[in-house]
Amino acid sequence: MYSVFGLSHDASLLLYALISILGLILLIAKFKMNPFVALIVGAIFMGLISGMPFTDIVKSYQEGVASVLGFIAIVLGLGTMLGKLMAESGGAERIAQTLVRVFGEKNVHWAMMVVALICGIPVFIQVGIVLLFPLVFVIAKHTGTSLIKIGLSLVAGLAVVHSLIPPHPAAMLAVGIFNADVGKTIFLALIVSLPAAAIAGPLYGTWISKRIKVETSSELMEQFTETKDRELPGFGITLFTILLPVILMLLATIVDLMLPETNGFRQVVDFIGSPIIALLLALLFAFYSFGYARGFSKQQILKYTNDCLGPVASIILLIGAGGGFNRILTDSGVGDAIAEFAQSAHLSPLVLAFVIAGLIRAAVGSATVAMTTAAGIVAPIAMTMPGGSPELLVLATGAGSIILSHVNDSGFWIVKEYLNLSVPQTLKTWTVMETILGFAAFGMVLLLSVFI
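Given the structure is predicted, the values throughout are model-derived calculations rather than measurements. (Residues numbered from 1 in each chain as written. Predicted model: local features only at pLDDT ≥ 70, side-chain atom pairs only at ≥ 80, totals over all residues. Heavy atoms only, no water.)

A. Quick look at unusual backbone geometry. Positive phi, normally seen in glycine, also occurs at N179, with a value near 55 degrees. Its place among the elements puts N179 in the loop between α8 (169-178) and α9 (182-209). Phi at N420 is positive, roughly 60 degrees, even though this residue is not glycine. Tracing the backbone shows N420 in the loop between α20 (410-419) and α21 (423-451). What makes N420 partly exposed here is its relative accessible area of 36%. (Helix = DSSP H or I, 4+ residues; strand = E, 2+ residues; numbered from the N terminus. Buried < 20%, exposed > 50% of the residue type's maximum accessible area, 1.4 Å probe, protein only.)

Here it is as C-alpha coordinates:
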(Lines give C-alpha, C1' and ligand atoms only; values in the text may rest on other atoms or scores of the structure.)
Protein backbone atom coordinates (compact mmCIF):
# COMPACT_ATOMS: atom_id res chain seq x y z
CA MET A 1 0.00 0.00 0.00
CA TYR A 2 1.17 3.51 -0.79
CA SER A 3 1.33 5.94 2.13
CA VAL A 4 0.47 9.59 1.48
CA PHE A 5 1.54 12.85 3.16
CA GLY A 6 3.80 10.88 5.49
CA LEU A 7 0.78 9.21 7.13
CA SER A 8 1.05 5.87 8.88
CA HIS A 9 -0.22 2.67 7.30
CA ASP A 10 -3.48 2.76 9.28
CA ALA A 11 -4.08 6.46 8.64
CA SER A 12 -3.51 5.99 4.93
CA LEU A 13 -6.00 3.12 4.87
CA LEU A 14 -8.66 5.26 6.50
CA LEU A 15 -7.99 8.07 4.02
CA TYR A 16 -8.30 5.68 1.09
CA ALA A 17 -11.55 4.28 2.47
CA LEU A 18 -12.95 7.80 2.80
CA ILE A 19 -11.89 8.65 -0.77
CA SER A 20 -13.48 5.44 -2.09
CA ILE A 21 -16.79 6.06 -0.31
CA LEU A 22 -16.97 9.72 -1.37
CA GLY A 23 -16.02 8.75 -4.93
CA LEU A 24 -18.76 6.14 -4.97
CA ILE A 25 -21.36 8.67 -3.86
CA LEU A 26 -20.09 11.13 -6.50
CA LEU A 27 -20.29 8.55 -9.31
CA ILE A 28 -23.88 7.73 -8.48
CA ALA A 29 -25.24 11.14 -7.48
CA LYS A 30 -23.28 13.47 -9.80
CA PHE A 31 -22.40 11.36 -12.83
CA LYS A 32 -25.56 9.22 -12.69
CA MET A 33 -23.62 5.98 -13.01
CA ASN A 34 -25.65 2.82 -12.44
CA PRO A 35 -25.21 2.00 -8.72
CA PHE A 36 -24.42 -1.65 -9.50
CA VAL A 37 -21.53 -0.62 -11.76
CA ALA A 38 -20.40 2.16 -9.42
CA LEU A 39 -20.14 -0.25 -6.48
CA ILE A 40 -17.91 -2.57 -8.49
CA VAL A 41 -15.71 0.31 -9.63
CA GLY A 42 -15.45 1.68 -6.08
CA ALA A 43 -14.53 -1.72 -4.66
CA ILE A 44 -11.81 -2.35 -7.25
CA PHE A 45 -10.40 1.15 -6.70
CA MET A 46 -10.24 0.56 -2.93
CA GLY A 47 -8.53 -2.76 -3.45
CA LEU A 48 -5.92 -1.30 -5.81
CA ILE A 49 -5.12 1.82 -3.79
CA SER A 50 -4.86 -0.14 -0.54
CA GLY A 51 -2.23 -2.41 -2.08
CA MET A 52 -4.18 -5.67 -2.24
CA PRO A 53 -2.80 -8.16 -4.80
CA PHE A 54 -4.77 -8.20 -8.07
CA THR A 55 -5.95 -11.78 -7.63
CA ASP A 56 -7.00 -11.12 -4.03
CA ILE A 57 -9.14 -8.16 -5.11
CA VAL A 58 -11.18 -10.28 -7.50
CA LYS A 59 -11.43 -13.19 -5.08
CA SER A 60 -12.39 -10.96 -2.15
CA TYR A 61 -15.06 -9.17 -4.16
CA GLN A 62 -16.58 -12.43 -5.42
CA GLU A 63 -16.63 -13.90 -1.92
CA GLY A 64 -18.27 -10.74 -0.58
CA VAL A 65 -21.03 -10.92 -3.18
CA ALA A 66 -21.53 -14.65 -2.61
CA SER A 67 -21.66 -14.38 1.19
CA VAL A 68 -24.42 -11.78 1.02
CA LEU A 69 -26.52 -13.27 -1.78
CA GLY A 70 -26.24 -16.81 -0.46
CA PHE A 71 -28.73 -15.76 2.18
CA ILE A 72 -30.47 -12.60 1.04
CA ALA A 73 -31.33 -13.73 -2.50
CA ILE A 74 -33.28 -16.70 -1.17
CA VAL A 75 -34.93 -14.62 1.54
CA LEU A 76 -35.93 -11.91 -0.92
CA GLY A 77 -37.31 -14.46 -3.37
CA LEU A 78 -39.41 -16.35 -0.82
CA GLY A 79 -40.49 -13.22 1.03
CA THR A 80 -41.50 -11.41 -2.15
CA MET A 81 -43.67 -14.35 -3.22
CA LEU A 82 -45.31 -14.39 0.21
CA GLY A 83 -45.91 -10.65 -0.01
CA LYS A 84 -47.36 -10.93 -3.52
CA LEU A 85 -49.81 -13.64 -2.48
CA MET A 86 -50.77 -11.61 0.57
CA ALA A 87 -51.51 -8.64 -1.71
CA GLU A 88 -53.41 -10.60 -4.37
CA SER A 89 -55.59 -12.36 -1.80
CA GLY A 90 -56.48 -9.12 -0.06
CA GLY A 91 -54.62 -10.12 3.11
CA ALA A 92 -52.52 -6.96 3.09
CA GLU A 93 -55.67 -4.89 2.68
CA ARG A 94 -57.23 -6.68 5.66
CA ILE A 95 -54.19 -5.95 7.86
CA ALA A 96 -54.16 -2.33 6.71
CA GLN A 97 -57.85 -1.82 7.46
CA THR A 98 -57.46 -3.34 10.92
CA LEU A 99 -54.40 -1.24 11.80
CA VAL A 100 -56.08 1.93 10.60
CA ARG A 101 -59.20 1.13 12.62
CA VAL A 102 -57.27 0.36 15.84
CA PHE A 103 -54.64 3.12 15.70
CA GLY A 104 -56.42 5.69 13.56
CA GLU A 105 -55.18 7.07 10.26
CA LYS A 106 -53.08 9.76 11.96
CA ASN A 107 -51.17 7.20 14.06
CA VAL A 108 -50.70 4.37 11.59
CA HIS A 109 -46.92 5.01 11.42
CA TRP A 110 -46.76 4.25 15.15
CA ALA A 111 -48.57 1.00 14.44
CA MET A 112 -45.88 0.00 11.94
CA MET A 113 -43.15 0.70 14.50
CA VAL A 114 -44.87 -1.52 17.06
CA VAL A 115 -45.38 -4.30 14.51
CA ALA A 116 -41.68 -4.09 13.56
CA LEU A 117 -40.52 -4.24 17.18
CA ILE A 118 -42.62 -7.35 17.80
CA CYS A 119 -41.92 -9.18 14.56
CA GLY A 120 -38.27 -8.15 14.49
CA ILE A 121 -37.24 -9.87 17.72
CA PRO A 122 -36.58 -13.32 16.25
CA VAL A 123 -36.25 -12.21 12.60
CA PHE A 124 -33.30 -10.95 10.55
CA ILE A 125 -33.79 -7.35 9.45
CA GLN A 126 -33.81 -8.37 5.77
CA VAL A 127 -36.57 -10.88 6.46
CA GLY A 128 -38.58 -8.30 8.36
CA ILE A 129 -38.30 -5.72 5.59
CA VAL A 130 -39.39 -8.20 2.92
CA LEU A 131 -42.29 -9.48 5.03
CA LEU A 132 -43.62 -6.13 6.19
CA PHE A 133 -42.91 -3.64 3.41
CA PRO A 134 -45.94 -4.76 1.39
CA LEU A 135 -48.04 -3.46 4.30
CA VAL A 136 -46.27 -0.11 4.03
CA PHE A 137 -47.43 0.23 0.42
CA VAL A 138 -50.98 -0.87 1.22
CA ILE A 139 -51.34 1.46 4.23
CA ALA A 140 -49.81 4.38 2.33
CA LYS A 141 -52.33 3.90 -0.46
CA HIS A 142 -55.23 3.33 1.93
CA THR A 143 -54.56 6.38 4.12
CA GLY A 144 -52.72 8.73 1.77
CA THR A 145 -49.84 8.85 4.26
CA SER A 146 -46.30 9.41 2.98
CA LEU A 147 -44.46 6.20 2.13
CA ILE A 148 -41.33 7.66 3.75
CA LYS A 149 -43.18 8.39 7.00
CA ILE A 150 -44.50 4.83 7.31
CA GLY A 151 -41.41 3.14 5.87
CA LEU A 152 -38.93 4.82 8.22
CA SER A 153 -41.13 3.93 11.21
CA LEU A 154 -40.99 0.30 10.10
CA VAL A 155 -37.25 0.07 9.48
CA ALA A 156 -36.45 1.95 12.70
CA GLY A 157 -38.22 -0.75 14.69
CA LEU A 158 -36.52 -3.53 12.75
CA ALA A 159 -33.05 -1.96 12.91
CA VAL A 160 -32.99 -1.34 16.66
CA VAL A 161 -34.13 -4.87 17.41
CA HIS A 162 -31.60 -6.29 14.95
CA SER A 163 -28.65 -4.68 16.73
CA LEU A 164 -29.72 -4.66 20.37
CA ILE A 165 -31.92 -7.58 21.29
CA PRO A 166 -30.88 -11.24 21.54
CA PRO A 167 -31.40 -13.76 19.94
CA HIS A 168 -29.97 -11.85 16.98
CA PRO A 169 -26.55 -13.38 16.20
CA ALA A 170 -24.37 -10.31 16.83
CA ALA A 171 -26.14 -9.48 20.09
CA MET A 172 -25.87 -13.08 21.27
CA LEU A 173 -22.16 -13.19 20.41
CA ALA A 174 -21.59 -9.92 22.27
CA VAL A 175 -23.44 -11.34 25.29
CA GLY A 176 -20.98 -14.22 25.30
CA ILE A 177 -17.91 -12.00 24.83
CA PHE A 178 -18.88 -9.66 27.67
CA ASN A 179 -20.20 -12.52 29.87
CA ALA A 180 -23.55 -10.77 30.13
CA ASP A 181 -26.84 -12.28 31.29
CA VAL A 182 -29.16 -12.96 28.33
CA GLY A 183 -32.42 -12.30 30.19
CA LYS A 184 -31.18 -9.04 31.71
CA THR A 185 -29.80 -7.93 28.35
CA ILE A 186 -33.16 -8.49 26.67
CA PHE A 187 -34.98 -6.61 29.44
CA LEU A 188 -32.64 -3.61 29.29
CA ALA A 189 -32.64 -3.71 25.47
CA LEU A 190 -36.41 -3.33 25.42
CA ILE A 191 -36.14 -0.28 27.68
CA VAL A 192 -33.54 1.22 25.34
CA SER A 193 -35.21 0.22 22.07
CA LEU A 194 -38.69 1.70 22.53
CA PRO A 195 -37.76 5.38 22.96
CA ALA A 196 -34.92 5.15 20.43
CA ALA A 197 -37.20 3.68 17.76
CA ALA A 198 -39.88 6.28 18.53
CA ILE A 199 -37.47 9.19 18.05
CA ALA A 200 -35.78 7.87 14.90
CA GLY A 201 -38.87 6.32 13.31
CA PRO A 202 -42.27 8.00 13.72
CA LEU A 203 -40.94 11.36 14.95
CA TYR A 204 -38.07 11.84 12.48
CA GLY A 205 -40.06 10.11 9.73
CA THR A 206 -42.88 12.61 10.18
CA TRP A 207 -40.45 15.54 10.00
CA ILE A 208 -38.41 14.42 6.98
CA SER A 209 -41.42 13.20 4.99
CA LYS A 210 -42.63 16.81 4.79
CA ARG A 211 -39.34 17.83 3.21
CA ILE A 212 -38.70 15.01 0.75
CA LYS A 213 -41.30 14.22 -1.86
CA VAL A 214 -40.84 11.19 -4.10
CA GLU A 215 -42.88 9.37 -6.67
CA THR A 216 -43.79 5.90 -5.44
CA SER A 217 -42.58 3.04 -7.65
CA SER A 218 -45.70 2.27 -9.68
CA GLU A 219 -44.48 -1.26 -10.32
CA LEU A 220 -44.04 -2.10 -6.65
CA MET A 221 -47.20 -0.23 -5.63
CA GLU A 222 -49.23 -2.16 -8.17
CA GLN A 223 -47.65 -5.45 -7.14
CA PHE A 224 -48.33 -4.99 -3.43
CA THR A 225 -51.69 -3.21 -3.53
CA GLU A 226 -53.53 -4.68 -6.50
CA THR A 227 -56.51 -6.63 -5.22
CA LYS A 228 -59.36 -8.22 -7.09
CA ASP A 229 -63.03 -7.67 -6.30
CA ARG A 230 -63.40 -10.51 -3.82
CA GLU A 231 -64.06 -11.09 -0.15
CA LEU A 232 -61.02 -10.35 1.98
CA PRO A 233 -59.48 -13.13 4.10
CA GLY A 234 -59.97 -13.03 7.84
CA PHE A 235 -57.61 -11.04 10.02
CA GLY A 236 -56.68 -14.09 12.09
CA ILE A 237 -55.61 -16.35 9.21
CA THR A 238 -53.81 -13.45 7.53
CA LEU A 239 -51.86 -12.57 10.66
CA PHE A 240 -51.02 -16.22 11.31
CA THR A 241 -49.68 -16.66 7.77
CA ILE A 242 -47.50 -13.55 8.02
CA LEU A 243 -46.24 -14.45 11.50
CA LEU A 244 -45.68 -18.15 10.81
CA PRO A 245 -41.96 -17.69 10.03
CA VAL A 246 -41.67 -15.49 13.12
CA ILE A 247 -43.34 -18.16 15.25
CA LEU A 248 -41.06 -20.89 13.90
CA MET A 249 -37.91 -18.82 14.50
CA LEU A 250 -39.05 -17.84 17.99
CA LEU A 251 -39.78 -21.49 18.77
CA ALA A 252 -36.25 -22.40 17.71
CA THR A 253 -34.85 -19.69 19.98
CA ILE A 254 -36.82 -20.95 22.98
CA VAL A 255 -35.79 -24.57 22.38
CA ASP A 256 -32.13 -23.51 22.03
CA LEU A 257 -32.27 -22.03 25.53
CA MET A 258 -33.78 -25.20 27.01
CA LEU A 259 -32.06 -28.12 25.29
CA PRO A 260 -28.41 -29.01 24.53
CA GLU A 261 -27.06 -28.84 20.96
CA THR A 262 -26.91 -32.63 20.68
CA ASN A 263 -30.62 -33.06 21.41
CA GLY A 264 -32.43 -34.50 18.37
CA PHE A 265 -35.64 -32.51 18.91
CA ARG A 266 -33.66 -29.26 19.12
CA GLN A 267 -31.90 -30.04 15.84
CA VAL A 268 -35.24 -30.58 14.09
CA VAL A 269 -36.71 -27.37 15.53
CA ASP A 270 -33.54 -25.44 14.62
CA PHE A 271 -33.91 -26.69 11.05
CA ILE A 272 -37.51 -25.60 10.62
CA GLY A 273 -36.78 -22.40 12.54
CA SER A 274 -33.91 -21.28 10.32
CA PRO A 275 -34.91 -18.16 8.31
CA ILE A 276 -34.91 -19.84 4.91
CA ILE A 277 -36.85 -22.97 5.95
CA ALA A 278 -39.28 -20.92 8.06
CA LEU A 279 -40.02 -18.64 5.11
CA LEU A 280 -40.37 -21.62 2.77
CA LEU A 281 -42.89 -23.30 5.10
CA ALA A 282 -44.80 -20.03 5.45
CA LEU A 283 -44.93 -19.64 1.67
CA LEU A 284 -46.18 -23.21 1.23
CA PHE A 285 -48.89 -22.53 3.79
CA ALA A 286 -49.71 -19.27 1.98
CA PHE A 287 -50.34 -21.28 -1.20
CA TYR A 288 -53.38 -22.54 0.72
CA SER A 289 -54.40 -19.63 2.96
CA PHE A 290 -53.79 -16.89 0.38
CA GLY A 291 -54.21 -19.10 -2.67
CA TYR A 292 -56.50 -22.11 -2.88
CA ALA A 293 -58.66 -20.94 0.04
CA ARG A 294 -59.27 -17.66 -1.80
CA GLY A 295 -60.29 -19.43 -5.00
CA PHE A 296 -57.03 -19.11 -6.94
CA SER A 297 -56.09 -21.84 -9.41
CA LYS A 298 -52.67 -23.47 -9.69
CA GLN A 299 -52.01 -21.44 -12.83
CA GLN A 300 -52.83 -18.16 -11.06
CA ILE A 301 -50.55 -18.95 -8.12
CA LEU A 302 -47.75 -19.86 -10.54
CA LYS A 303 -48.26 -16.60 -12.43
CA TYR A 304 -48.19 -14.49 -9.26
CA THR A 305 -45.05 -16.13 -7.91
CA ASN A 306 -43.30 -15.69 -11.27
CA ASP A 307 -44.37 -12.12 -11.95
CA CYS A 308 -43.31 -10.75 -8.56
CA LEU A 309 -39.63 -11.66 -8.97
CA GLY A 310 -38.88 -9.15 -11.74
CA PRO A 311 -39.02 -5.99 -9.63
CA VAL A 312 -36.62 -7.39 -6.99
CA ALA A 313 -33.91 -8.39 -9.49
CA SER A 314 -32.25 -4.97 -9.36
CA ILE A 315 -32.45 -4.98 -5.56
CA ILE A 316 -30.65 -8.33 -5.40
CA LEU A 317 -27.88 -7.11 -7.74
CA LEU A 318 -27.34 -3.95 -5.70
CA ILE A 319 -27.23 -5.88 -2.44
CA GLY A 320 -24.67 -8.27 -3.90
CA ALA A 321 -22.51 -5.43 -5.20
CA GLY A 322 -22.69 -3.73 -1.81
CA GLY A 323 -21.59 -6.97 -0.15
CA GLY A 324 -18.54 -7.13 -2.43
CA PHE A 325 -17.61 -3.53 -1.59
CA ASN A 326 -18.03 -4.33 2.11
CA ARG A 327 -15.68 -7.33 1.81
CA ILE A 328 -12.98 -5.29 0.05
CA LEU A 329 -13.05 -2.72 2.85
CA THR A 330 -12.76 -5.47 5.44
CA ASP A 331 -10.00 -7.45 3.70
CA SER A 332 -7.95 -4.32 2.97
CA GLY A 333 -7.55 -3.85 6.73
CA VAL A 334 -9.75 -0.81 7.28
CA GLY A 335 -11.57 -2.40 10.23
CA ASP A 336 -8.30 -3.27 11.97
CA ALA A 337 -6.98 0.25 11.38
CA ILE A 338 -10.01 1.78 13.07
CA ALA A 339 -9.65 -0.60 16.00
CA GLU A 340 -6.00 0.39 16.51
CA PHE A 341 -6.82 4.08 16.56
CA ALA A 342 -9.80 3.76 18.89
CA GLN A 343 -8.09 1.38 21.31
CA SER A 344 -5.29 3.88 21.95
CA ALA A 345 -7.81 6.50 23.12
CA HIS A 346 -8.46 6.82 26.85
CA LEU A 347 -12.24 6.45 27.02
CA SER A 348 -14.67 4.65 29.29
CA PRO A 349 -15.59 1.13 28.08
CA LEU A 350 -19.15 2.23 27.23
CA VAL A 351 -17.98 5.15 25.10
CA LEU A 352 -15.16 3.10 23.60
CA ALA A 353 -17.57 0.31 22.61
CA PHE A 354 -19.93 2.81 20.95
CA VAL A 355 -17.15 4.68 19.11
CA ILE A 356 -15.34 1.59 17.82
CA ALA A 357 -18.55 -0.09 16.66
CA GLY A 358 -19.66 3.15 14.96
CA LEU A 359 -16.40 3.67 13.13
CA ILE A 360 -16.26 0.07 11.93
CA ARG A 361 -19.91 0.23 10.85
CA ALA A 362 -19.20 3.38 8.82
CA ALA A 363 -16.16 1.78 7.21
CA VAL A 364 -17.33 -1.74 6.38
CA GLY A 365 -21.12 -1.36 6.32
CA SER A 366 -22.03 -4.41 8.38
CA ALA A 367 -23.70 -3.97 11.77
CA THR A 368 -22.87 -7.58 12.63
CA VAL A 369 -19.16 -7.16 11.79
CA ALA A 370 -19.06 -3.85 13.68
CA MET A 371 -20.67 -5.29 16.80
CA THR A 372 -18.66 -8.50 16.99
CA THR A 373 -15.35 -6.78 16.21
CA ALA A 374 -15.93 -3.98 18.71
CA ALA A 375 -16.98 -6.42 21.43
CA GLY A 376 -13.79 -8.41 20.95
CA ILE A 377 -11.68 -5.25 21.26
CA VAL A 378 -13.45 -3.72 24.25
CA ALA A 379 -14.00 -6.84 26.39
CA PRO A 380 -10.36 -7.19 27.55
CA ILE A 381 -10.26 -3.45 28.37
CA ALA A 382 -13.55 -3.66 30.29
CA MET A 383 -12.18 -6.54 32.40
CA THR A 384 -9.52 -4.17 33.79
CA MET A 385 -12.24 -1.75 34.94
CA PRO A 386 -14.51 -3.69 37.34
CA GLY A 387 -17.91 -2.42 38.30
CA GLY A 388 -19.39 -1.80 34.87
CA SER A 389 -22.47 -3.58 33.58
CA PRO A 390 -21.70 -6.18 30.90
CA GLU A 391 -25.28 -5.94 29.70
CA LEU A 392 -24.92 -2.20 29.07
CA LEU A 393 -21.65 -2.88 27.24
CA VAL A 394 -23.58 -5.17 24.87
CA LEU A 395 -26.15 -2.43 24.27
CA ALA A 396 -23.53 0.32 23.82
CA THR A 397 -21.78 -1.81 21.22
CA GLY A 398 -25.09 -2.51 19.49
CA ALA A 399 -25.99 1.19 19.46
CA GLY A 400 -22.69 2.03 17.79
CA SER A 401 -23.22 -0.65 15.16
CA ILE A 402 -26.41 1.08 13.98
CA ILE A 403 -25.07 4.53 13.08
CA LEU A 404 -23.81 5.88 9.75
CA SER A 405 -25.24 3.27 7.41
CA HIS A 406 -24.52 4.39 3.86
CA VAL A 407 -23.64 3.06 0.41
CA ASN A 408 -21.57 0.10 1.65
CA ASP A 409 -24.53 -1.36 3.58
CA SER A 410 -27.02 -3.67 1.84
CA GLY A 411 -29.85 -2.23 3.97
CA PHE A 412 -29.21 1.17 2.38
CA TRP A 413 -29.94 -0.22 -1.07
CA ILE A 414 -32.98 -2.26 -0.02
CA VAL A 415 -34.68 0.80 1.50
CA LYS A 416 -33.59 3.00 -1.42
CA GLU A 417 -35.25 0.72 -3.96
CA TYR A 418 -38.43 0.07 -1.96
CA LEU A 419 -38.99 3.78 -1.31
CA ASN A 420 -37.85 4.76 -4.83
CA LEU A 421 -35.33 7.29 -3.48
CA SER A 422 -32.21 8.78 -5.02
CA VAL A 423 -28.87 8.24 -3.26
CA PRO A 424 -28.88 11.75 -1.68
CA GLN A 425 -32.48 11.21 -0.53
CA THR A 426 -31.57 7.85 0.99
CA LEU A 427 -28.71 9.50 2.87
CA LYS A 428 -31.15 12.10 4.24
CA THR A 429 -33.72 9.49 5.26
CA TRP A 430 -32.25 6.04 5.97
CA THR A 431 -28.71 7.15 6.95
CA VAL A 432 -29.88 9.98 9.20
CA MET A 433 -32.59 7.77 10.73
CA GLU A 434 -30.03 5.05 11.53
CA THR A 435 -27.65 7.60 13.06
CA ILE A 436 -30.39 9.16 15.20
CA LEU A 437 -31.43 5.65 16.24
CA GLY A 438 -27.90 4.73 17.33
CA PHE A 439 -27.28 7.94 19.28
CA ALA A 440 -30.71 7.80 20.92
CA ALA A 441 -30.08 4.21 22.00
CA PHE A 442 -26.64 5.15 23.33
CA GLY A 443 -28.16 8.08 25.24
CA MET A 444 -30.54 5.65 26.92
CA VAL A 445 -27.60 3.36 27.76
CA LEU A 446 -25.74 6.24 29.41
CA LEU A 447 -28.89 7.15 31.36
CA LEU A 448 -29.29 3.56 32.58
CA SER A 449 -25.59 3.47 33.56
CA VAL A 450 -26.33 6.10 36.22
CA PHE A 451 -28.63 3.64 38.01
CA ILE A 452 -26.97 0.28 37.23
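B. Structural context of helix α18 (residues 367-383). Its 17 residues place the ends of α18 24 Å apart at the C-alpha level, agreeing with the 24 Å of an ideal helix rising 1.5 Å per residue. At I377, α18 shows its maximal bend, which comes to roughly 30 degrees, and the proline P380 appears one to four places after that position. Considered for burial, the residues of α18 that qualify are A367, A370, M371, A374, A375, I377, V378, A379, I381 and A382. (Expected span 1.5 Å × (residues − 1). Bend = angle between axes of the 7 residues up to and from the residue.)

C. Quick peek at the confidence of the model for the protein chain. Within the protein chain, residue pLDDT values average 86, and 95% of them lie at 70 or more. In the model of the protein chain, helix α16 (residues 334-343) stands out as the element of lowest mean pLDDT, 72, in contrast to α21, which has the highest, 96. (pLDDT = per-residue confidence, 0-100.)

D. The arrangement of the pattern of salt bridges in detail. Applying the stated rule across the entire model yields nine salt bridges. Here K303 ties to D307 by a salt bridge, and the two come within 2.7 Å at their closest N and O atoms. In this pair, K303 and D307 are both assigned in helix α14 (residues 298-307), four residues apart and thus about one turn of the helix distant. Each of E63, R327 and D331 takes part in a single network of salt bridges with overlapping partners. (Salt bridge = Lys/Arg side-chain N within 4 Å of Asp/Glu carboxyl O.)

E. Quick peek at the layout of surface pockets. Estimated volume of the largest pocket: approximately 710 Å³. Lining the largest pocket are 32 residues; nearest its centre among them are Q126, N326, S366, T368 and S410. Every element with two or more residues in the lining of the largest pocket is listed here: α3 (54-89), α6 (125-143), α7 (147-164), α15 (313-331), α18, α20 and α21. Among the elements that take part in the lining of the largest pocket, α15 stands out by supplying six residues, more than any other. Looking at the lining of the largest pocket residue by residue, the class counts come to 13 nonpolar, 15 polar and four charged. (1 Å grid on protein atoms, 1.4 Å probe; cavity = no way out; pocket = protein on both sides within 12 Å on 5 of 7 lines; lining within 4 Å. Points joined across faces, edges and corners; volume = space filled by probe spheres on them. Nonpolar A, V, L, I, M, F, W, Y, C, P; charged D, E, K, R; others polar.)

F. Molecular detail of the side chain of S60. Among the structural elements, S60 can be located in helix α3. For S60, a relative accessible area of 3% corresponds to the buried category. In this structure S60 touches M52, R327, I328 and D331, once residues within four positions along its chain are discounted. (Contact = heavy atoms within 4.5 Å.)

G. Region of the structure containing the nonpolar core. If you look at the biggest cluster of nonpolar residues, it comprises 151 residues, and the most contacted ones within it are M46, F133, Y418 and M433. Contact partners of F133, with chain neighbours within four places excluded, come to G128, G151, L154, V155, Y418 and L419. (Core = buried A, V, L, I, M, F, W, Y, C linked by side-chain atoms within 4.5 Å.)

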